[in-house]
Amino acid sequence: MQAFQDHYPDNVSHCYGCGSHNPHGHQIKTFWEGDETVTRFKPEPFHTSVPGYAYGGLIASLIDCHSTGTAAAAMYRSEGRDMDTLPPFRFVTGSLHVDFLKPTPLDATLEIRGQVKEIKGRKVVVETTVMAGGVVTARGSVVAVQMPDRFGQG
């Protein structure tokens, strides 16, 4: 099964968090699991904030890109379309809110889960949870906005 991000058009696949064309980025991969979306991500030692714990900016970027990918998949699903059909749906962040609940350990594979709360026109609201070893360490809410058709085309 292909991840949501595997369907992104080449001209918008450079994102640091989710772009397959960014060799220095996270290159997250997101999938449906029922009505939720899931990404699993293993932080690297350079993602350190203080020894043993992940940098908060990493957590925010994972929530951000997981949520925009979820928004795209949700829009395709709402229209009964496969993710490789045209025109492509691609989203950017309109707003991002993150609550850091506990320090996120650096040595755990993180499980990022998203739920679509609302689809309204070109906006999708996604709530996302980050867990390490089954413990919730952060929660976020993203308002994702559909990109204009020409966005990213120079």
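For clarity, every value in this text was computed on a predicted model and none was experimentally measured.

Procedures and definitions
Residues numbered from 1 in each chain as written. Predicted model: local features only at pLDDT ≥ 70, side-chain atom pairs only at ≥ 80, totals over all residues. Heavy atoms only, no water. Pairing = 2+ DSSP bridges. Helix = DSSP H or I, 4+ residues; strand = E, 2+ residues; numbered from the N terminus. Axes fitted to C-alpha atoms, helices over the stretch in contact; angles between N-to-C directions. Contact = heavy atoms within 4.5 Å. Buried < 20%, exposed > 50% of the residue type's maximum accessible area, 1.4 Å probe, protein only.

In space, the six strands of this open sheet follow the order 1-2-4-5-6-3, with antiparallel pairing throughout. The strands lining the two open edges of the sheet, one partner per strand, are strand 1 (30–33) and strand 3 (91–100). For this sheet, the mean angle separating the axes of adjacent strands, direction not counted, is 25°. Here strand 4 (residues 110–120) runs beside strand 5 (residues 123–132); their pairing, made up of ten bridges, is antiparallel. Looking across to strand 5, one finds that Ile-119 is bridged to Val-124. Strand contacts of helix 1 (residues 56–78): strand 1, strand 2 (36–41), strand 3, strand 4, strand 5 and strand 6 (135–146), with the helix running at about 135° to strand 3, the strand carrying the most contacts.

Attention shifts here to the side chain of Thr-37. Turning to its location among the elements, Thr-37 is positioned in strand 2. A relative accessible area of 0% means that Thr-37 is categorised as buried. Setting aside residues up to four positions removed in sequence, Thr-37 forms contacts with Phe-4, Thr-30, Phe-31, Trp-32, His-66, Thr-70, Ile-112, Arg-113 and Gly-114.

In this structure, Pro-87 follows Leu-86 across a cis peptide bond, with omega equal to 0°. Along the chain, the position of Pro-87 falls in the loop between helix 1 and strand 3. A positive phi angle, near 50°, is found at Gln-27, a position not held by glycine. With respect to the helices, strands and loops of the structure, Gln-27 is situated in the segment before strand 1.

Honestly, it's all geometry; don't read function into it.
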